[in-house]
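Below, each chain spelled out in residue letters.
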Amino acid sequence: MQRRNVAAAYSPYDGLRNTGRYVSEHITRAEFAKLVPPETASVLLCESLRGHRGRTGAHGWPSSNCLSVELSERLVRVLESRGAKMPQQKDIVKIAIQMPGAYPQLIRLDQKKPLSAVIKEVCDGWNLPGHDNYALQYADGVQTYITESNRLDIKNGCILRLTKAPGRCAEDLFKGIQSMDLGVRCDSLKQLATVSTDVTFAQEFISRDGHLLLVKIVEDSSESALIMTHTLTAFMELMDHGIVSWENLSSVFIEKIARFVNAEAADASIQQVCLDILESMVLSGHSLFMQVKQVVTMERLIAHLQMTNQQIQTKAMALLMALLQTAGDADRKEMFAYLNKKNLRQYIYKNIIHSSGSVQDEMAHYLYVLQSVTLNHLEPRMRTPLDCYSQEQRDVLHSLRQAAFETESENSLSHERRRSLCAKEFKKLGFSNNSNPGQDLVRTPPGLLALDTMFYFAARNPDAYSRFVLENSSREDKHECPFARSSIRLTLVLCEILRIGEAPSETGSDYHPVFFSQDRLLEELFCVCIQLLNKTWKEMRATQEDFDKVMQVVREQITRTLSTKPTSLELFKNKVNALNYSEILKLRQTERLHQEETLAPPVLELKERLKPELLELIRQQRLNRLCQGTLFRKISSRRRQDKLWYCRLSPNHKMLHYGDVEEDSETPPVETLQEKIPVADIKALLVGKECPHMKENKGKQNKEVSDLAFSITYDVEEYSLNFVAPSRTDFCLWTDGLSVLLGREMSSESMRSELDILLSMEIKLRLLDLENIPIPENAPLVPKPPSNYNFCYDFSQTEQ
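How each quantity is defined
In this convention, every chain numbers its residues from 1, walking through the sequence in written order. Given that the model is predicted, a residue must reach a pLDDT of at least 70 before its local features are reported, and side-chain atom pairs must reach 80 or more before they are shown or counted; all residues, however, enter totals for whole chains, interfaces and linings. Side-chain metrics in this entry use all non-hydrogen atoms of the structure; hydrogen atoms and water are not considered. Secondary structure elements follow DSSP: runs of H or I of four or more residues count as helices, runs of E of two or more count as strands, with numbering from the N terminus. Partly exposed describes any residue whose relative accessible area lies between the buried limit of under 20% and the exposed limit of over 50%, with all areas from a 1.4 Å probe on protein chains only and scaled to the type maximum. What makes two residues a contact is simply this: any of their non-hydrogen atoms within 4.5 Å. Surface accessibility follows the Shrake-Rupley procedure with a 1.4 Å probe radius. Residue values consider only the protein chains on display as shielding. When the centres of two rings from Phe, Tyr and Trp lie within 6.5 Å, Trp using its six-membered ring, the rings pair. Their planes under 30 degrees apart give stacked, over 60 give edge-to-face, and anything left gives tilted. How far a helix is expected to stretch is found by multiplying one less than its residue total by 1.5 Å. This arc is taken over the directions from the axis of the helix to the C-beta atoms. Side-chain atoms alone can form a polar contact between residues adjacent in sequence; in general such a contact is a pair of N or O atoms within 3.5 Å, and within protein one must be able to donate a hydrogen while the other accepts it. Strands were regarded as paired on the criterion that DSSP finds at least two bridges between them. Only the stretch in contact is used when a helix axis is fitted, and all axes are lines through C-alpha atoms; the angle between N-to-C directions ranges over 0 to 180 degrees. Put simply, angles under 35 degrees are roughly parallel, angles over 145 are roughly antiparallel, angles from 65 to 115 are roughly perpendicular, and the rest are oblique. Crossing handedness is defined as follows: a turn of the near helix away from the far one that is anticlockwise and smaller than a right angle gives a left-handed crossing, while the clockwise case is right-handed. Every case where a carboxyl oxygen of Asp or Glu lies within 4 Å of a side-chain nitrogen of Lys or Arg is listed as a salt bridge. By nonpolar core we mean a set of buried residues, namely Ala, Val, Leu, Ile, Met, Phe, Trp, Tyr and Cys, connected to one another through side-chain atoms within 4.5 Å.

1. Some words on the overall build of the protein
Within the protein, the regular secondary structure consists of 36 helices and 11 strands. The buried share among the 800 residues of the protein stands at 46%. Long-range pairs, those at least 24 residues apart, make up 67% of the contacts in the protein with a sequence separation of at least 6. For the protein, the exposed surface amounts to about 41,800 Å²; the carbon and sulfur share of it is 50%.

2. A few points about the packing of aromatic side chains
The full count for this structure, using the stated rule, is 23 aromatic pairs. Their ring planes at 85° and their centres at 6.1 Å tell us that phenylalanine 457 and tyrosine 465 sit as a pair that is edge-to-face. Across the pair, exposure class does not vary: phenylalanine 457 and tyrosine 465 are buried alike. Relative to phenylalanine 731, the ring of phenylalanine 710 has its centre 5.8 Å away and its plane inclined at 75°; by these criteria the two rings are edge-to-face. Of this pair, phenylalanine 710 sits in strand E10 (residues 709–714) while phenylalanine 731 sits in helix H34 (residues 728–741), and the two are 21 residues apart along the sequence. Among the residues examined, phenylalanine 731 registers a relative accessible area of 8% and is labelled buried. Of the aromatic side chains, those joined through ring pairs into one cluster are Phe632, Trp645, Tyr658, Phe710, Phe723, Phe731 and Trp734.

3. Re helix H18 (residues 329–341)
Compared with an ideal rise of 1.5 Å per residue, which puts 13 residues at 18 Å, H18 spans 18 Å between its outermost C-alpha atoms and is within 8% of the ideal. Every buried residue belonging to H18 is among Asp331, Arg332, Met335, Phe336 and Leu339, and all of these are buried. Viewed end-on, H18 has its buried residues packed into an arc of 130°, placing them on one side of the element. More than 90 degrees from the buried face of H18, the exposed residues found are Asp329, Ala330, Lys333 and Lys341.

4. Quick notes on helix H9 (residues 182–195)
An α-helical turn contains 3.6 residues, so any two residues separated by three or four positions project in the same direction. Spanning 14 residues, H9 covers 20 Å between terminal C-alpha atoms, matching the ideal 20 Å at 1.5 Å per step. Looking only at H9, the buried set comprises Arg185, Cys186, Ser188, Leu189, Leu192, Ala193 and Val195. Where the residues of H9 are buried, they touch helix H8 (166–177), helix H10 (199–207), helix H11 (210–220) and helix H12 (225–239). Taking the backbone nitrogen of glycine 183 as reference, a side-chain oxygen 2.8 Å away marks aspartate 181 as the first, capping residue of H9.

5. Overview of the side chain of serine 505
Along the chain, serine 505 falls in the loop between helix H26 (483–498) and helix H27 (521–540). Among the polar contacts made by the side chain of serine 505, one reaches the main-chain amide nitrogen of threonine 507 at a distance of 3.2 Å. With near-sequence residues (within four places) excluded, serine 505 lies in contact with His365, Tyr368, Asn702 and Glu704.

6. Re the sheet that holds strand E9 (residues 682–687)
Ordered in space as E9-E10-E11, the 3 strands form an open sheet in which the pairing is antiparallel. Bordering the open sheet on either side are E9 and strand E11 (719–724), each of which pairs with just one other strand. Neighbour-to-neighbour, the strand axes of this sheet turn through a mean angle of 20°, independent of strand direction. Note that E10 and E11 share 6 bridges and pair antiparallel. Considered in E11, the bridge of serine 711 is made with asparagine 722. Of the strands in this sheet, E9, E10 and E11 are in contact with H34, which crosses E10 at around 20°.

7. Concerning the packing of helix H31 (residues 601–628) against helix H35 (residues 749–766)
Their axes nearest at 9 Å, the elements H31 and H35 cross at an angle of 130°. Comparing the axis directions of H31 and H35 gives the class oblique. Seen from above, H31 lies across H35 with right-handed handedness. Contact with H31, carried on its side by Val603, Leu606, Lys607, Leu610, Lys611, Leu614, Leu615, Leu617, Ile618, Gln621 and Arg622, involves Ser750, Met751, Glu754, Leu755, Leu758, Leu759, Glu762, Ile763 and Arg766 of H35 and no other residues of that element.

8. Let's talk about the sheet that holds strand E8 (residues 675–678)
With antiparallel pairing, the 4 strands of this open sheet are ordered in space as E5-E6-E7-E8. Two strands lie at the open edges of the sheet, namely strand E5 (630–633) and E8, each paired on one side alone. In this sheet, neighbouring strand axes are inclined to one another by 25° on average, regardless of whether the strands run parallel or antiparallel. Here E5 runs beside strand E6 (residues 644–649); their pairing, made up of 4 bridges, is antiparallel. If you follow arginine 633 over to E6, its bridge partner there is leucine 644.

9. Quick notes on the pattern of salt bridges
A full pass over the atoms with the stated rule returns 31 salt bridges. Residue aspartate 519 pairs with arginine 345 through a salt bridge whose shortest N-O separation is 3.5 Å. Pair noted here: aspartate 519 is in the loop between H26 and H27 and arginine 345 is in helix H19 (residues 344–353), with a separation of 174 residues, a long-range link. Between aspartate 548 and arginine 489 there is a salt bridge, with the nearest N and O atoms lying 3.3 Å from each other. Placement of aspartate 548 in helix H28 (residues 547–562) and of arginine 489 in helix H26 is noted, with a sequence separation of 59 residues between them.

10. Describing the environment of glutamate 502
Within the secondary structure, glutamate 502 is located in the loop between H26 and H27. Judged by relative accessible area, glutamate 502 falls into the partly exposed class, the value being 43%. Aside from chain neighbours lying at most four places away, what touches glutamate 502 is Ser372 and Asn376.

11. Considerations on the nonpolar core
In terms of nonpolar packing, the biggest core is built from 148 residues, with Leu214, Met281, Ile348 and Leu490 touching the most fellow members. Per-element tally for this core: the top contributor is H27, with 12 residues. In contact with leucine 490, other than residues within four places in its own chain, are Phe526, Cys529, Ile530, Leu533, Met551, Val554 and Ile558. Formed by 42 residues, the second largest nonpolar core is a distinct cluster that contains Leu606, Phe632, Tyr658 and Leu685.

12. Quick look at the side chain of serine 711
Looking at the element boundaries, serine 711 is found in strand E10. Given a relative accessible area of 0%, serine 711 falls into the buried group. Leave out the neighbours within four places in its chain, and serine 711 touches Ala684, Leu685, Leu686, Cys691, Pro692, His693, Leu721, Asn722 and Phe723.

Spelled out as structure tokens, the structure:
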């Protein structure tokens, strides 16, 4: 039965009309006959018998769902006078219940009634004995069992199914897995892998030590690849509920799982699940991390990254990132040394970034994590100030000076002469404190990292380094570009752009492909950007007072270029140098023109007149976007890679449809989304930290996630549907669209930006004839009428 038929079975007067059960409990058949006219009673009897299959009330006559409004009002008054307590409307849910081979039942579920009593009534309606052997579960989507703890999630129009109770199902599958019949065993494990996603079933199955039976099957390793895949999948789903600790697993089981991963010729489905299991083990605790680290070879993980199977690549990256993030400093350093020795970044660069297929969201997240964790190795140097008493660090400073200036033998100079010469040369290098240049590097960040980048540039590009320093030292003082000061600030800018020192975000995916093409990305970027800074300084004809302006332009050049995702350092170098100061000015001017508003009163008046029409256009666009729908990801604290769901607005703008979907699925039709919420029931729209799912996870979610979170509350604000938008654009589209549905004003920055663009375009079209003509602040004076109208042409003569 379609869900819309369930809703259609009830009229707007359900609150008064659906009183049959209460009537049968409190009014005798004789009294009912006095209240109901004979012709109505006969129709009522026929409809009741047909719709309820002959069920009768306590006094021997059928219950009814087809009373008229007037009759319902009279019956309700009689019931109330006799002390009958009618159920509150918010405690009643109108649903359908299915069972294979039986006619569906349409019932009004009283949420105050015990679930066992509801199941008994349903079984009695189909004459089924032993109601304890049955349970209710959702018929569509994720077929979760209905329990006392989750029954409040049932909404109007839901379709449920009467099925075997989880305990009975667990017992049957427990026996089926041990069957001697290979087909029965395979089918039981396949079904187990499906139903194990339900926590109620998982509790029943685990209480029978079913998970230990699966562990034994894996340890024996005597089954076929298909059965082993079902076994491992079921085990992973059971463990994912957190009912049993991963710490209880035996070393034999862990070694068997690792053997599947390390095998060169193994079933891809088995390896995929095994990688998933090992990732969960590593994330569960340090002791399991140590065991997994010992049995899984890094060489095999790197080999998995070279495969063409994207799922295997993704799971291998997930395990690798789990190992790196869980490891202590010493273990992480050791692992990175091995991965660098094996050229991990080159394999990723060749087999993932430059593969024929596009990089999926999950893989992008792991690439971002690897980039973040690797770059964070520079954080200690960034947080460490220069030690003026360190001979090693002082030697590096003097090597920078000596590489830039050819000086006579300093040993033959007196102490004062040598000190004076050094101070003069350090000043030419661009140090603020030329007598003690180490003071310029005391501030953190960038600390010693700035010294490292300067030394790297001087060592790798000695000609460019000498040219930079000598060229600026020969300029007039007010136009020279200070190398040291510029280098220190540029290092800080690069640290901020690359987010060095920031922990990886749970949802981040902003990786730079160029990172995987270089072993020392920061230093190589510095070598390119310090020369860019000198070039921009000359283009801007800057002086010392313009230093901050130059740095702003350089930051913009770098961020704009990195946003284009260059895949190599050479490509980055070409693009960033092409984006010179004049191009930056053009881009800024273009953006400013999009943002500027003409302040002439006639134009402002025209804008006010155009706004309502353009706002309506934006409203329609938002509603159309909601009708197309969006794919959302459920954020989990333990596993990020699954749980996708889709939400879209019905074409008539009356229902929000949503449900779980697979990652590779196309836009699902409205009919396939198993859940829905009437727009009329939506009470409020919440955003950010006000959302229920942000309050529940307070302290666990970062600002990036909370900025994309929004929720809608419905049914007297007792229920909420929680979202985390995939991007800021989707967040603006959905919050605006939901505001329109609620009859409220749109308030997102995206709406304001689009309104400004549309207004600007419309104004330019309306004023197209006034191109390059200044618009007067006040209306011009109307000239006096002419003395005669002899210049007027008479068209009537031509027409004759």
